[in-house]
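Inside the fold
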Amino acid sequence: IPDLLPIGGAAFVVDRLSAFFVVVIAVGAIPATLYAIGYTREFAGKHSLAAMGFAFNIFVAAMFLVPLARNVLTFLALWELMSLASYFLVITEHEHEETLAAGWVYFVMTHAGFAALLLGFLLLARAAGTMDFTGWSAAAANLDPSSRNSIFVLLALGFGSKAGVIPLHVWLPRAHPAAPSHVSALMSGVMIKLGVYGLARTAFDWLGVGPVWWGGTILVLGAASGVLGVLYALVDSDLKRLLAYSSVENIGIIMLGLGAGMLFQA
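From a predicted model like this one, the values you see are computed outputs, not experimental measurements.

**Focus: the pattern of salt bridges**
- What the rule picks out here adds up to three salt bridges.
- Here Asp-15 ties to Arg-201 by a salt bridge, and the two come within 2.9 Å at their closest N and O atoms. Of this pair, Asp-15 sits in the segment before helix H1 (16-39) while Arg-201 sits in helix H8 (residues 181-206); the two residues are 186 residues apart in sequence, bridging distant segments of the chain.
- Classification of Arg-201 as buried rests on a relative accessible area of 3%.
- A single network of salt bridges, built from pairs that share partners, joins Asp-15, Arg-70, Arg-201 and Asp-205.

Have a look at this one:
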């Protein structure tokens, strides 16, 4: 779609990795949406159901399109749209002070991650001479090690914060209890998996085979998230916060597999 965005337009491509994540999103989004039909009736009269529905549809649509994005501006525009829509859903019950505080933490963390992604993408796009993802793999092989490592760290921080990896998880146990239940389910069941998608795309596509320490770092962070996530869940009495820490643990287990794959590839 050439005219929709500057510098390359809006670009979408389906490959095996993006198709897999689209299926993962659908598996979470369909039951959450059906549940929301009845669940959101309790908000009638207190909050605008039209505004909730609009933000929810934007949130789901952006999540579906993120794995299909094939240039920098398309990806970042959808990533930001997903983050802003989920932020407004988190603060649905904004009359409660703790909800606004949770929304603020989420807003700050998600935009700190966005800043890291923006910088990493721009550095890689400059080295490759293109904003299109398809030319990045070949260009990354010619980068000097320090530049390549810097880009990896920036992208790992950006995607790791969205995935809720320890120690970048601080927003998850706050935003999860504050959000409506169907939104919590999508954030922990689907949205944080897009952080995993970004890490997988970085390690196995955009930057190619990296040094051993890349996989080792992801492996250690995954182990820490798996162990500490389940320990936090065991001692927490709030059901929604318990589920949030359980999501941190699950992400840790996924990161163990991702880190091991990167390590063995190296």
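More follows now that the structure is in view.
**Quick look at unusual backbone geometry**
- For the bond from Ile-166 to Pro-167, the omega torsion is 10 degrees, close enough to zero to count as cis.
- Checked against the element boundaries, Pro-167 lands in the loop between helix H6 (145-163) and helix H7 (172-178).

**Overview of the environment of Gly-252**
- As for its placement among the helices and strands, Gly-252 is situated in helix H10 (residues 239-265).
- What makes Gly-252 buried here is its relative accessible area of 0%.
- Considered as a pair, Gly-252 and Ile-166 are 86 residues apart in the sequence and their alpha carbons are 8.3 Å apart.
- Apart from residues no more than four positions distant in its own chain, Gly-252 is found in contact with Gly-222, Ser-225 and Gly-226.

**Some words on the packing of H6 against H8**
- Between H6 and H8, the least distance of the axes is 6 Å, while the angle of their chain directions is 160 degrees. The orientation of H6 with respect to H8, classified from their angle, is roughly antiparallel. As for the relative orientation of H6 and H8, their crossing is left-handed in sense. Across from Phe-152, Leu-155, Ala-156, Phe-159, Lys-162 and Ala-163 in H6, the residues of H8 making contact are Met-191, Ile-192, Leu-194, Gly-195, Val-196, Gly-198, Leu-199, Thr-202 and Trp-206.
- A per-class count over the contact of H6 with H8 returns 11 nonpolar, three polar and one charged.

The rules behind each value
- Residues numbered from 1 in each chain as written.
- Predicted model: local features only at pLDDT ≥ 70, side-chain atom pairs only at ≥ 80, totals over all residues.
- Heavy atoms only, no water.
- Salt bridge = Lys/Arg side-chain N within 4 Å of Asp/Glu carboxyl O.
- Helix = DSSP H or I, 4+ residues; strand = E, 2+ residues; numbered from the N terminus.
- Buried < 20%, exposed > 50% of the residue type's maximum accessible area, 1.4 Å probe, protein only.
- Contact = heavy atoms within 4.5 Å.
- Axes fitted to C-alpha atoms, helices over the stretch in contact; angles between N-to-C directions.
- Parallel < 35°, antiparallel > 145°, perpendicular 65-115°, else oblique.
- Left-handed = near helix turned anticlockwise from the far one by under 90°.
- Nonpolar A, V, L, I, M, F, W, Y, C, P; charged D, E, K, R; others polar.

In short, geometric facts, not functional conclusions.
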